[in-house]
Amino acid sequence: MVTPFLFFLLAVVAVTAALGMLFSRNPVSSALWLVLNLFCIAGLYLTLNAEFIGIIQVLVYAGAIMVLFLFVIMLLNLSALPTLESLDWKAVAGFVVAMVVLAQLVYMLASGLGALPTTILAEQAAATGDASTIAKELFTRYALPFEVIGVLLLVATIGALMLAKRKPI
Amino acid sequence: MLTDFIPLFIMMALALGLALTLLNLGKFLGPKRPNRIKTMAYESGMDPVGTARERYSVKFYLVAMIFIVFDVEVVFMYPWAVSFQEFLAASPGAALGVTVVIVFFVLILGIGLLYDIKKGGLEFD
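A short tour of the structure in this document, coming up. No experiment lies behind these values; they were computed from the predicted model shown. (Residues numbered from 1 in each chain as written. Chains lettered and ligands numbered in written order. Predicted model: local features only at pLDDT ≥ 70, side-chain atom pairs only at ≥ 80, totals over all residues. Heavy atoms only, no water.)

Next up on the list: the interface of chain B and chain A. The interface of chain B with chain A comprises 46 residues on the first partner and 44 residues on the second. In total, chain B and chain A occlude about 4,300 Å² of area from one another, counting both sides; carbon and sulfur atoms represent 82% of this. Taken together, the links from chain B to chain A amount to one salt bridge. Within the residue set of the side of chain B that touches chain A, elements represented by two or more residues are helix 1 (6-29), helix 3 (58-90) and helix 4 (92-119) of chain B. A total of 21 residues in the side of chain B that touches chain A trace back to one element, the largest contributor, which is helix 3 of chain B. Residue composition of the side of chain B that touches chain A, grouped by class: 33 nonpolar, five polar and eight charged. (Contact = heavy atoms within 4.5 Å. Buried area = accessible area lost by both parts, 1.4 Å probe. Salt bridge = Lys/Arg side-chain N within 4 Å of Asp/Glu carboxyl O. Helix = DSSP H or I, 4+ residues; strand = E, 2+ residues; numbered from the N terminus. Nonpolar A, V, L, I, M, F, W, Y, C, P; charged D, E, K, R; others polar.)

As structure tokens, this is what we get:
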């Protein structure tokens with residue numbers, strides 16, 4: 001049908017946009033490639049019957065988070081990327097940490113795959129992605145993690161204020 | 001279902017098509033006779049001084065950060081608003097419970113806003 005076709009089309013565009021983001025030399029066009037990538041991922045969520053997550057992806061990531069990214073780019077005033085420095089211990093340590101995180105993610109995915117139900121009916125899938133289903137779980141069973149998200153956002157607000165209002169020395 | 005979003009897709013395709021058409025139409029149809037004064041950056045009739053890409057003040061970053069925090073807050077309020085009638089139909093206690101959860105969440109973020117206002121974070125000096 002049309003949904004698998006749309007899924008693979010969006011997937012190809014998403015990967016292309018991600019590569020464009022990585023290989024673009026101008027930070028602003030890099031950020032705009034990332035916007036395209038986030039839009040495609042929102043489309044992927046829609047094809048997977050997760051409408052709420054898809055719309056939120058556009059609103060929060062493509063809207064708000066990208067605004068913040070562009071602000072940071074303009075704040076740092078990068079005209080072009082500085083040339084890459086030679087390999088130092090910080091890069092090596094970062095690479096090792098990234099690989100450990102990747103290994104953990106792959107391990108979690110691989111061990112979790114067996115637990116997934118093999119077949120999901122279309123009606124079941126259609127009933128999982130809307131806002132009221134999310135509300136039923138989020139505000140009852142996951143009420144405490146939800147409040148912890150509130151504390152996390154509070155920390156972000158106060159942290160940004162601490163950084164921005166610091167008096168110049 | 002995905003078919004519900006067909007009008008949205010049509011609208012997005014039309015918007016993209018219109019933007020690309022209008023941008024390229026000017027490029028193809030417009031006469032191009034550039035000279036030094038025409039291509040100069042417009043600065044209200046003055047000769048341009050310096051670059052337009054000055055560094056921004058970090059205050060703008062603070063505003064953007066606060067915007068994101070309250071954007072996410074509204075995102076979380078949306079499922080509550082949508083499903084409130086369902087909770088009320090189930091039982092008044094359930095509706096009260098989820099309302100307490102969301103009000104507590106809003107209060108937590110309200111502390112941050114109050115702190116910003118008290119510290120003068122939203123004032124530009």
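Once you've had a look at it, read on.
For the coordinates displayed, the defined rule picks out seven aromatic pairs over all chains. A centroid spacing of 5.8 Å and a plane angle of 5° characterise the contact between A:Phe52 and B:Tyr78, whose relative ring orientation is stacked. Of this pair, A:Phe52 sits in helix 3 (residues 51-76) while B:Tyr78 sits in helix 3, on two different chains. On the basis of relative accessible area, A:Phe52 is assigned to the buried category, the value being 11%. Judged by its relative accessible area of 45%, B:Tyr78 falls in the partly exposed class. (Phe/Tyr/Trp six-rings, centres within 6.5 Å; stacked < 30°, edge-to-face > 60°. Buried < 20%, exposed > 50% of the residue type's maximum accessible area, 1.4 Å probe, protein only.)

This brings us to helix 6 (residues 131-141) of chain A. Every α-helix carries 3.6 residues per turn, so stepping three or four residues along brings you back to the same face. Of all the positions in helix 6 of chain A, only A:Ala131, A:Ser132, A:Ala135, A:Leu138 and A:Phe139 are classed as buried. Along the axis of helix 6 of chain A, the buried residues cluster in a sector spanning 125°; they form a single face. Close packing links the buried residues of helix 6 of chain A with helix 3 and helix 7 (143-164) of chain A together with helix 3 and helix 4 of chain B. (Arc of directions from axis to C-beta.)

We now examine the layout of surface pockets. Considering only enclosed or pocket space, the largest pocket measures out at about 700 Å³ in volume. Lining the largest pocket are 20 residues, and of these A:Leu10, A:Phe39, A:Cys40, B:Phe9 and B:Met12 lie nearest its centre. Those elements that provide at least two residues to the lining of the largest pocket are helix 1 (2-23), helix 2 (27-47) and helix 3 of chain A together with helix 1 of chain B. (1 Å grid on protein atoms, 1.4 Å probe; cavity = no way out; pocket = protein on both sides within 12 Å on 5 of 7 lines; lining within 4 Å. Points joined across faces, edges and corners; volume = space filled by probe spheres on them.)

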